[in-house]
Amino acid sequence: MTIKRTLILHGIIIIGLLAATGLFALHDVGNLVTMTRFMEIQEKMNVSFLEMRLLEKNYFLFKDDQAIHDITNSIRMVDDTLDNLSQEMVKTVGQAKYQDLRYALDAYRDKAKAIAASKARDEDSETVLRESGRRVLEFSASLTENTRTKIGELISGSKRGLLVSFLLFLVLAVFSTPIIFSRILSSLDKISRLALDVSQGRFRKIEGTVPNNELGAVIAAMNTMSEQLRLREDELVQSKKLNSLGFLTAGVAHELNNPLNNISMICQTYEAMYDSIDTKERLEFVSQIASEAERIQAIVMSLLDFAKPKPTIFTPGGVNAVVRRSLKLVRNTLDLSNIDVMLDLSAGLPFVNMDVNQISQVLVNLFNNAIQAMSAGQTLAVRTRVSSDGMVEIEVQDTGHGMTPETLNSIFDPFFSTKGTDGTGLGLSVSYGIIKNHGGYINVQSEVDKGTTFDILLPTAESGEVENE
């Protein structure tokens, strides 16, 4: 179910419960008002009936002729009240009891009228009149008591109804609402964490079952975006490698020329001296040719390993070995540029969980940038150590022309370059993404005409191994 439909259903349930509770309460209040009003009328009628019973005594005991007429007048007033409030009384006590009260009152009125007409004061007339009055008073009192009981039951029922409604709201609030919001907030949290990872160069996917709602569509879109960005980053990394290879080619060509010239000279010497040397010396010439061929093969394999695309594979390893490997790739460029190298690699560094090829790509890019920023005779310093917060630190420092604060603020932006048409502006941006993907940090400090220092911080591997070289 979509979030919209879930929230609408949730709202309908809440509104329905509120409406039902309100109607229930309104109905009970209406009945309570009606019964209360009837109680007031009934109490007045009970007072009238008690007065009639006193008038009975006045008529028979004190020979007060006016008393019997007062009884009939009181009965007529009660009759008028019953006629005017018949609907309310029927609603409260029911049609049968209302009629029974009218019958008892009519019988009482008929007896009183007959006695008033005959002015009889005999014992039989007194007994009949008193019995009729007693039945009216008792019946009226029973109606009053029944109404009190109904009012009590109505109040108790209202309490139970309100309690049930409260419990339903409580259940809805405690169980269903957190479930709905947890589903929404859980998906939002996954999207937020994925967006943060993507912004830091970690292009992953949200795993698990994708909900079939609006957030599920957003998660699917975010997964697709992350995958596309990952592919684009791989393309950028490979593109930057190829650009770096172009820069390294000049030094590699010079390096390849040396063993090739040596092979050529050995072959010429071997050919000229073939007849004058023995078998042992001939084997030495062949061994020298094989050694130079292996040297060429090692150079070519290093370039191929650096150039060809590889999947990201994180394995524990030592950064000193990666630094030395990366320096070998730019050694000839350093020699041609007459740049000195100062190595200060700490022994016993903790292993780092890393992709060796990607970290090598970052270092080669930093080395190339440093070489291009320096002139002959300047120094490239590379240091490794454990930082104050327990991470492995690689420091790459040059003594080149440095950067202005404005340039420094933009060097990690994609396509930003200080090399004009000679640079793509992707090297440092890609390097930043690689280091972030390793859970590390890359910082830079620079001053104009004093040089630039890059610090790479990488978290140590959980294995606890250390580098022995």
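Quick caveat: nothing in here was measured; it's all calculated off a predicted structure.

For the rest of this paragraph, the subject is the nonpolar core. In terms of nonpolar packing, the biggest core is built from 37 residues, with Val319, Leu363, Phe367, Leu380 and Ile456 touching the most fellow members. For this core, the secondary structure elements donating two or more residues are helix 8 (319-337), strand 3 (352-354), helix 9 (356-373), strand 4 (379-386), strand 5 (392-398), helix 11 (427-437), strand 6 (441-447) and strand 7 (451-458). Here this core gets 8 residues from one element, more than from any other, and that element is helix 9. Excluding anything up to four places from it in sequence, Val319 contacts Leu349, Val352, Met354, Thr384, Val392, Ile394, Leu458 and Glu467. Core analysis: the next-biggest nonpolar cluster, separate from the first, contains 29 residues, Met89, Val93, Leu129 and Val136 among them.

What follows is about the pairing of strand 4. Across 6 bridges, strand 2 (residues 340-345) lies against strand 4 in parallel orientation. Looking at the pairing, Leu343 lines up with Val382 of strand 4. Here strand 4 pairs with strand 5 via 7 bridges, running antiparallel. Across the sheet, the residue bridging to Arg383 is Glu395, located in strand 5. Following strand 4, the chain reverses through 5 residues before pairing antiparallel with strand 5; Gly390 in that reversal takes a positive phi of roughly 85°.

Before going further, it helps to examine the confidence of the model for the protein. Confidence in the prediction for the protein averages 78 pLDDT; 77% of positions are at 70 or higher. Looking across the protein, the model is least confident in helix 6 (residues 214-273), with a mean pLDDT of 66, and most confident in strand 5, with 95. Predicted confidence is poor over residues 420-426, with pLDDT under 50, and the contacts of this stretch with residues over four places away or in other chains come to 11 contacts.

Summarising the element assignment, Ile151 is placed in helix 5 (residues 123-199). Look at Ile151 and you get buried, because its relative accessible area is 15%. For the pair Ile151 and Met39, spaced 112 residues apart in sequence, the C-alpha to C-alpha distance is 9.7 Å. The residues contacting Ile151, other than those within four sequence positions of it, are Leu32, Met35, Thr36 and Met39.

What follows covers the pairing of strand 7. For strand 7, a buried count of 8 out of 8 residues is recorded, marking the element as mostly surrounded by other parts of the structure. In strand 7, alternate side chains face the same way, and those of Gly451, Thr453, Asp455 and Leu457 on one face and Thr452, Phe454, Ile456 and Leu458 on the other are all buried. By the bridge criterion, 7 bridges tie strand 5 to strand 7 in an arrangement that is antiparallel. Residue pairing in the sheet places Gln397 in a bridge with Thr453 of strand 7. Examined bridge by bridge, strand 6 and strand 7 share 7 bridges and lie antiparallel to one another. Looking at strand 7, one finds that Asn443 is bridged to Asp455. Counting the residues that bridge the hairpin from strand 6 to strand 7 gives 3 residues, and of these Asp449 lies at a positive phi of roughly 70°.

What counts and how
Residues numbered from 1 in each chain as written. Predicted model: local features only at pLDDT ≥ 70, side-chain atom pairs only at ≥ 80, totals over all residues. Heavy atoms only, no water. Core = buried A, V, L, I, M, F, W, Y, C linked by side-chain atoms within 4.5 Å. Buried < 20%, exposed > 50% of the residue type's maximum accessible area, 1.4 Å probe, protein only. Helix = DSSP H or I, 4+ residues; strand = E, 2+ residues; numbered from the N terminus. Contact = heavy atoms within 4.5 Å. Pairing = 2+ DSSP bridges. pLDDT = per-residue confidence, 0-100.

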